[in-house]
Amino acid sequence: MTATDTKADLHFYLQSARDALLWKLEGLPEYDIRRPLTPTGTNLLGLVKHAASVELGYLGDTFGRPSGEPLPWLDEGAEVNADMWATAGESREFVVGLYRRAWAHADATIDALAPDTLGKVPWWPDGKDEVTLHHAVVRVIADTQRHAGHADILRELIDGAVGMREDNTSIPTGDSAWWEDYRGRLERAAREAGGGM
């Protein structure tokens, strides 16, 4: 496989994860994209803000290609977890725009450098901070896919929308009665296996 093929594969999976993550915001009001839906505060817009920060760090700063984007939530002394939620002053347009600019910056880094180019992750310990571009892109893909999965579950909890894309849910078709029956069978099997009633 050539470096061009490797980059094309990496970019395809990275962009697929990006698109899936952003699709989860579509059609929802401000409250729903921001509200914490887990005990640890996981929310849709915060996942996008975090993903933008990750791309700018691993596929920018790590390779001596800072974006110039101010990320005050990552500054020393910033509130813990500030990259995982959007303040009232950080609009959907701001966060999504930041993410799209992060894509463009990351894509330019991927295009400009060979997969075996070495970079240094600024927030990793000295002596353990070197990574190749290939490794950094794989890490970003894994992180983005993980958070797209979180977003999928959050969106299902909000309004029942599921899947990677609107045209590819990867979920069996079935009406609400089918899904209710299916879920009921799973609940019964879990109770049976767990000794529940």
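Cut-offs applied
Residues numbered from 1 in each chain as written. Predicted model: local features only at pLDDT ≥ 70, side-chain atom pairs only at ≥ 80, totals over all residues. Heavy atoms only, no water. Helix = DSSP H or I, 4+ residues; strand = E, 2+ residues; numbered from the N terminus. Expected span 1.5 Å × (residues − 1). Buried < 20%, exposed > 50% of the residue type's maximum accessible area, 1.4 Å probe, protein only. Polar contact = N/O pair within 3.5 Å; in protein donor to acceptor, adjacent residues only side chain to side chain. Core = buried A, V, L, I, M, F, W, Y, C linked by side-chain atoms within 4.5 Å. Contact = heavy atoms within 4.5 Å. Salt bridge = Lys/Arg side-chain N within 4 Å of Asp/Glu carboxyl O. Patch = residues over 30% accessible without salt bridge, like charges linked within 9 Å, V, L, I, M, F, W, Y side chains within 5 Å. Areas by Shrake-Rupley, 256 points an atom, 1.4 Å probe, with all protein chains shown as cover. Axes fitted to C-alpha atoms, helices over the stretch in contact; angles between N-to-C directions. Parallel < 35°, antiparallel > 145°, perpendicular 65-115°, else oblique. Left-handed = near helix turned anticlockwise from the far one by under 90°. Nonpolar A, V, L, I, M, F, W, Y, C, P; charged D, E, K, R; others polar.

Caption draft 1: Geometry of helix 3 (residues 44-58). Across its 15 residues, helix 3 extends 21 Å between first and last C-alpha, which sits within 8% of the 21 Å expected from 1.5 Å per residue. Across the 15 residues that make up helix 3, a large majority, 15, are buried. Structurally, the start of helix 3 carries an N-cap: the backbone nitrogen of Gly 46 is 2.7 Å from a side-chain oxygen of Asn 43.

Caption draft 2: Just the nonpolar core, in detail. Among the nonpolar cores identified, the biggest contains 28 residues, and Leu 21, Leu 22, Leu 25, Leu 44, Val 48 and Tyr 99 are the most heavily contacted of them. Going through the elements one at a time, helix 1 (3-23), helix 3, helix 4 (92-112) and helix 5 (133-159) are the ones with two or more residues in this core. Considering every element that reaches this core, the biggest residue donor is helix 3, with seven residues. Other than its neighbours up to four places away in sequence, Val 48 contacts Leu 21, Leu 22, Leu 25, Val 95 and Tyr 99. In terms of nonpolar packing, the next biggest core, distinct from the first, is built from 17 residues, Phe 63, Val 121, Val 137 and Val 140 among them.

Caption draft 3: Quick peek at the pattern of salt bridges. One pass over the structure, following the stated rule, counts 12 salt bridges. Between Glu 30 and Arg 92 there is a salt bridge, and its shortest N-O distance comes to 3.2 Å. Separated by 62 residues along the polypeptide, Glu 30 in helix 2 (residues 30-34) and Arg 92 in helix 4 bring together distant segments of the chain. Take Arg 92: its relative accessible area is 17%, and that puts it in the buried class. Here Lys 120 ties to Asp 129 by a salt bridge, and the two come within 4.0 Å at their closest N and O atoms. Counted as one network, the salt bridges with shared partners bring together Arg 18, Glu 55 and Asp 107.

Caption draft 4: Quick peek at a nonpolar patch on the surface. Where nonpolar side chains cluster on the molecular surface, the patch consists of Ile 171, Trp 178, Trp 179, Tyr 182 and Leu 186 and spans about 420 Å² of accessible area. Looking at the element boundaries, Trp 179 is found in helix 6 (residues 176-194).

Caption draft 5: Focus on the environment of Pro 172. Examined against the element boundaries, Pro 172 turns out to sit in the loop between helix 5 and helix 6. Along the primary structure Pro 172 and Ala 3 are separated by 169 residues, whereas in three dimensions their C-alpha atoms are 37 Å apart. Sequence-distant contacts of Pro 172, that is, excluding residues within four places in its chain, are made with Trp 178 and Trp 179.

Caption draft 6: Looking closely at unusual backbone geometry. Phi is positive for Asn 81, close to 70°, though the residue is something other than glycine. Structurally, Asn 81 can be placed in the loop between helix 3 and helix 4. With a relative accessible area of 43%, Asn 81 lands in the partly exposed category.

Caption draft 7: The arrangement of the packing of helix 1 against helix 5 in detail. Where helix 1 contacts helix 5, the axes come no closer than 8 Å and their chain directions differ by 25°. As summarised for this structure, helix 1 and helix 5 are arranged roughly parallel, according to the angle between their axes. Note on packing geometry: the crossing formed by helix 1 with helix 5 is left-handed. Residues Thr 6, Leu 10, Tyr 13, Leu 14, Ala 17, Arg 18, Ala 20, Leu 21 and Trp 23 of helix 1 touch helix 5, and the partners they reach there are His 134, Val 137, Val 138, Val 140, Ile 141, Thr 144, Gln 145, His 147, Ala 148, Ala 151 and Arg 155. Its residues placed into classes, the contact of helix 1 with helix 5 shows 13 nonpolar, five polar and two charged.

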